[in-house]
Amino acid sequence: MKKNFLIFLFGIFSTFTLVAQTTVKGSVKDAVTDEPIPDVTVTIQDSDVSEKTDGFGQFIFKSQVPLGEQILKIEKEGYDTKRYPIIVNEGKTVDIQDMTLDVTISNEQDLFTITLSDDELNDDTSGSDNISGLLSSSRDIFQRTAAFEFSSSFFRVRGLDSDNAKVLINGVEMNKQDTGRPQWSNWGGLNDVVRSQELSTGLSPSAYSFGGVLGTTNINTRASNYREGGRITYSSSNRSYTNRLMASYASGLMEDGWAYTLMIGRRWGDEGYQDATLYDSNSFFVSVEKKINDKHSLNFTSIYAPNRRGKSSANTQEVYDLKGIKYNEFWGNLGDKQKNSRIKEVEEPILLLNHYWDISDKTSLNTNVGYQFGKVGNSRLDYAGGANPSPAYYQDLPSYFLEDEDLEGAYEAEQQFINDGQINWDRIIDANLTNNTIGVNAAYALYEDRNDDKQLTLNTIFNTEINENILFNAAINYKKLDSENFAEIIDLLGSTTGALNVDSFSQNQFDLNNPNQVAFVGDKFRYNYNLFVNELSGFAQAQFKYNKIDFYLSGSVTKTDYQREGLYKNENQVYIENGIEFDNSFGKGDKIEFTGFGAKAGFTYKISGKHLLDFNGGYIAKAPSIRNTYTNSRESHDYVGVINGVNNSDINITEEKITSADASYIFRSPIIKAKITGFYTKIEDANEVSFFFTQGSTTGFIQEVLSGVEKQHIGGELGIEAQVTPTIKLKGAASVGQYTYNNNPDLYVTSTSEDFINTQNGDVVNTSGVVSTSNLKDYKVAGGPQTAYSVGFEYRDPDYWWFGATANFFDNAYIDVSPLSRSNEFYTDADGLPYNDYDPEIAKGLLKQEKFDNYMVVNLVGGKSWKIGDKFIGFFASVGNLLDKQYKTGGYEQGRRADYRALRDDVSLEKRVFGPKYWYGRGANYFVNVYLRF
């Protein structure tokens, strides 16, 4: 009896020990959204041991599991089955957290439907673009909210422009040298093949690039990485385009070592949300890979996405009040068709050749060659011999007549604008036909501002795992850009006499080497020059990972040079000094050189599995973009600090410097995930170059140059989500910031207009370029709301349908102020003396920065998928701005009346003649998407 009792106790004890100490548990998440997946079947392969995940994606085996090397199989209908090798040791716990499954209901949500990365606010500078597309595949709740919810209000993460982030395809950087920003439309419409993105946010380390203060995204288009199968998608929307059709197919890695992925797409529509904003885009993608052996593989990718889209105008409030927020001044009817005068056309194919060398299990070398060529064109009307054709030209609006108390004229202008208010193409053609009969050159011509780029990129990226705790990354990169820039006639609008290549403002020759040239369709005119850019860079980075702390150190160096070559001898840039002719436009100008350095470091301290602290800090000195280097490259060699070919001792162009730091607290549990971040960024020695027409104490077309600009961006971010039930998730996000100018930068204007030209000792001298100060300190930096909140929920039904809603609140958005109005130009008369009627209190009111009204936007999303045999059919729809709220997303002061008297008189009018110009967000809008996956 006693013996049997001891055997019984021993058996109970052994069983207890086995259950207590030999355990297999883990969790399963969505590979894209990082969300837990319930009801996943988890099985020890070739055994009867099986469990399902709970509502939080967690599982634990309750029965005895076999010991030794095992295969863990995870599967659920609608997802690709995966297998994970594990080793089960007696008395040990195997904890395999965050296993992932691909292809979910939410994965069929179009990653770029809500983002506005293809859109532009400012036709000429793209200065108000956003980087939401960059963030769309992030697992971080705040970054996802910024991409899908905040982007419709042109929200900028941390108030920063997209030139502060790097976008790469297969390790090859895609940011443009002209602006520093990625040209998203170069791969637009290829959603299915650009979903595979490796994103490092902020200053966090990337294996491919040193990056910027907003992070790095590498889009992986390696053919063997795509899941075998095909997909056909149709979409309809009233946002940017009306229709979209896409088809893709991937072979997967075949037995002979080859893999290929193909995709074609088309997006089209006569207009988007704004009037006459046509969209015409085709997209083609090919990726082919050959796995030579276990160590070497070659991949070739070709992307060709030509696209044309009609632009929309920024308008004064007077115009919006008369015509509504969809109004666009750039178009008119020609016959029975809408004709938009402002078309942006992008046709820049991308060719990539990538060699992957797995030197060992822990070391790899990725060598890449990238070549991009093609054209970007922006059309507009030239009216050298006619009246301004804009239907919203200030002299055709009621306010112009009201200024002279002409009530009858104001009423007639109002009725004309309300009843028509579009470009009169017939009148333009009639004017040209009339000129034909009398032998006069074209009064009007449609031309295109073009830049034809050829860019070669060579780089090699090295990665090695020194040991289980240390990872080392390094890269060397070389870029060479040859850029042709010119204007080209694309339509003479009925003229047979051609367009005279003479400046209509100054009556000077655009090209003295070919005086009185007459340009016809296909001819270059107005300006013609080349830009040459060379950039050599390298970075090295070490990442250290330990049980309680992870940290990294990274450094970079970049050598950049720019050079302009003028192909026209512009008469506006020819001066006579001491009887000697000086030309500042033809031939090659100075080579401008920059040396940039970067350093960053950070660490993550793991208080426990649930609580983490994360810190990052960095310093980046980089070359200014071409656009903010040359003050008017269309006419001259001048760059910031060089005026009329002469160095100005008060201004010295230098690298732009950025200092940035952030600190985060992260909490994660099976139910709640949260992250709160504080950030600080300071930008120094930045340049801003803009162009506009002014009239006041001086009148003319000017180039406005700000130099030595400092900005400060400080604030906090919060992202939180809670899986309150297996089917319901609550989520919230917030961004609160203060983005301000931090100094009073140098300001000067240049112009060839008469008010800036004097005669001294018989010589004609351009006297523009006097350096003053713009009192911008503490003004807010424009560019979307500085405060944004979002709350919402998602419901995911086990029967493969889901629904979500969010309410988004925005505040603290400001107009872009005129630097010229904040300078000495504001209070001094033409003789240089202060106005005798200047009132400081009135001036303070005139110069107060406009703050836009706060607003709330409600968005709805939902979808459903079905499995039919081995195929999937899915449906996704979203409604943006459900309540049809009208709100301003941005705007700028015109600066045409930049002095005290002119601005005071304009503001005092019943309707301002030169009030600010605004952009409005879209009203209620929709996107519908259906797909077949096989």
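Residues numbered from 1 in each chain as written. Predicted model: local features only at pLDDT ≥ 70, side-chain atom pairs only at ≥ 80, totals over all residues. Heavy atoms only, no water.

1. Focus on the overall build of the chain
- The helix and strand tally for the chain stands at nine helices and 50 strands.
- Counting only contacts in the chain whose residues sit at least 6 apart along the sequence, the fraction spanning at least 24 positions is 71%.
- Accessible surface, the chain: about 39300 Å² in total, of which carbon and sulfur atoms supply 53%. (Helix = DSSP H or I, 4+ residues; strand = E, 2+ residues; numbered from the N terminus. Contact = heavy atoms within 4.5 Å. Areas by Shrake-Rupley, 256 points an atom, 1.4 Å probe, with all protein chains shown as cover.)

2. Observations concerning the sheet that holds strand 6 (residues 82–88)
- Strand order in the open sheet made by the four strands is 3-2-5-6, with antiparallel pairing throughout. Strands at the two margins of the open sheet, each flanked by one partner only, are strand 3 (50–52) and strand 6. Pairs of neighbouring strands in the sheet enclose a mean axial angle of 25°, with direction left out of account. (Pairing = 2+ DSSP bridges. Axes fitted to C-alpha atoms, helices over the stretch in contact; angles between N-to-C directions.)

3. Overview of the sheet that holds strand 8 (residues 166–169)
- One open sheet accounts for four strands, arranged 9-8-11-10; its pairing is mixed. Of all strands in the sheet, those bounded by a partner on one side alone are strand 9 (172–173) and strand 10 (197–201).

4. Here's the deal with a nonpolar patch on the surface
- On the surface, Ile 232, Tyr 234, Leu 245, Tyr 249, Trp 866, Ile 868, Ile 873, Phe 875, Val 930 and Phe 934 cluster together into a nonpolar patch covering about 850 Å² of accessible area.
- If you trace the backbone, Ile 232 turns up in strand 12 (residues 229–237).
- When its relative accessible area of 41% is taken as the criterion, Ile 232 is described as partly exposed. (Patch = residues over 30% accessible without salt bridge, like charges linked within 9 Å, V, L, I, M, F, W, Y side chains within 5 Å. Salt bridge = Lys/Arg side-chain N within 4 Å of Asp/Glu carboxyl O. Buried < 20%, exposed > 50% of the residue type's maximum accessible area, 1.4 Å probe, protein only.)

5. Here we look at the packing of aromatic side chains
- Applying the stated rule across the entire model yields 37 aromatic pairs.
- An angle of 85° between the planes, with centres 5.6 Å apart, marks the rings of Tyr 400 and Phe 401 as edge-to-face.
- Here Phe 401 falls in the partly exposed class, since its relative accessible area comes to 22%.
- Measuring from centroid to centroid gives 6.1 Å for Tyr 527 and Tyr 529, while their planes differ by 40°, and the two rings are tilted.
- Members of the aromatic cluster, each reached through a chain of ring pairs, are Phe 142, Phe 150, Phe 155, Phe 810, Tyr 855 and Tyr 887.
- The ring of Tyr 356 is capped by Arg 222, whose NZ or CZ atom sits 3.9 Å from the centre of that ring.
- One cation-aromatic arrangement involves Arg 796 over Trp 802; the distance from NZ or CZ to the ring centre is 5.0 Å. (Phe/Tyr/Trp six-rings, centres within 6.5 Å; stacked < 30°, edge-to-face > 60°. Lys NZ or Arg CZ within 6 Å of the ring centre and 35° of its normal.)

6. Focus: a negative patch on the surface
- A cluster of acidic residues, Asp 404, Glu 405, Asp 406, Glu 408 and Glu 412, forms a negative patch at the surface.
- In this fold, Glu 405 is placed in the loop between helix 5 (398–403) and helix 6 (407–419). (Lys, Arg positive; Asp, Glu negative; His and termini not counted. Charge placed at Lys NZ, Arg CZ, Asp CG, Glu CD.)

7. Looking at the pattern of salt bridges
- Throughout the structure, instances matching the rule amount to 46 salt bridges.
- Among the ionic pairs, Arg 450 bridges to Asp 452, the shortest N-O distance being 2.7 Å.
- For Arg 450, a relative accessible area of 11% puts it in the buried group.
- A residue is classified by how much of its surface remains accessible, and Asp 452, at 13% relative accessible area, is buried.
- Note that Lys 871 and Asp 870 form a salt bridge whose closest N and O atoms lie 3.5 Å from each other.
- On the basis of relative accessibility, which here comes to 60%, the residue Asp 870 falls in the exposed class.

8. A look at the pairing of strand 24 (residues 445–467)
- In terms of strand pairing, strand 23 (residues 363–382) meets strand 24 through 20 bridges, oriented antiparallel. Bridge pairing in strand 24 links Thr 367 to Thr 460.
- Across 21 bridges, the pairing between strand 24 and strand 25 (residues 470–491) is antiparallel. Within the sheet, the bridge partner assigned to Glu 465 lies in strand 25 and is Leu 471.
- Counting the residues between successive antiparallel strands, the hairpin from strand 24 to strand 25 contains two residues.

9. Re helix 6
- For helix 6, built from 13 residues, the straight-helix expectation of 18 Å at 1.5 Å per residue is met to within 8% by its first-to-last C-alpha distance of 18 Å.
- Every buried residue of helix 6 is listed here: Gly 409, Ala 410, Ala 413 and Phe 417. Within helix 6, the buried residues cover an arc of 100° as seen down the axis, which keeps them to one side. In helix 6, the exposed residues that point more than 90 degrees away from the buried face are Leu 407, Glu 408, Tyr 411 and Asn 419.
- In this structure, the buried side of helix 6 is in contact with helix 4 (317–323) and helix 5.
- Just beyond helix 6, the residue with positive phi is Gly 421, at close to 70°. (Expected span 1.5 Å × (residues − 1). Arc of directions from axis to C-beta.)

10. A short note on the environment of Asp 491
- Locating Asp 491 in the fold gives a position in strand 25.
- Separated by 30 residues in the primary sequence, Asp 491 and Val 521 have C-alpha atoms spaced 5.9 Å apart.
- Those residues in contact with Asp 491, other than ones at most four positions away along the chain, are Lys 339, Ala 445, Leu 446 and Val 521.
- At a separation of 2.8 Å, a polar atom in the side chain of Asp 491 contacts the main-chain amide nitrogen of Leu 493. (Polar contact = N/O pair within 3.5 Å; in protein donor to acceptor, adjacent residues only side chain to side chain.)

11. Concerning the side chain of Asn 528
- Mapped onto the elements, Asn 528 comes out in strand 28 (residues 524–545).
- In this structure Asn 528 touches Asn 485, Phe 486, Gly 566, Leu 567 and Tyr 568, once residues within four positions along its chain are discounted.

12. Describing the confidence of the model for the chain
- On average, residues of the chain score 88 in pLDDT, and 90% of them are at 70 or above.
- Taken together, the stretch residues 5–20 has pLDDT below 50 and engages in two contacts with residues farther than four places along the chain or on a different chain.
- In the model, residues 757–767 has pLDDT below 50 throughout and makes 22 contacts with residues more than four positions away in sequence or in other chains. (pLDDT = per-residue confidence, 0-100.)

13. Some thoughts on the nonpolar core
- Counting residues in each nonpolar core, the largest one holds 55 residues, and the members touching the most others are Phe 150, Phe 155, Leu 820 and Phe 826.
- Residue contributions to this core peak at four residues, all from strand 37 (residues 672–695).
- When near neighbours in sequence (up to four residues on either side) are disregarded, Phe 826 contacts Leu 820, Ser 821, Tyr 835, Tyr 838, Ala 843, Leu 846, Leu 847, Ala 898, Asp 899, Tyr 900 and Leu 903.
- Ala 442, Phe 525, Tyr 527 and Ile 643 belong to the second largest nonpolar core, which has 28 residues in total. (Core = buried A, V, L, I, M, F, W, Y, C linked by side-chain atoms within 4.5 Å.)

14. Focus: the side chain of Thr 560
- Along the chain, the position of Thr 560 falls in strand 29 (residues 549–566).
- In this structure, Thr 560 is in contact with Val 533, Asn 534, Glu 535, Ile 592, Glu 593, Phe 594 and Ala 623, ignoring residues within four places of it in sequence.

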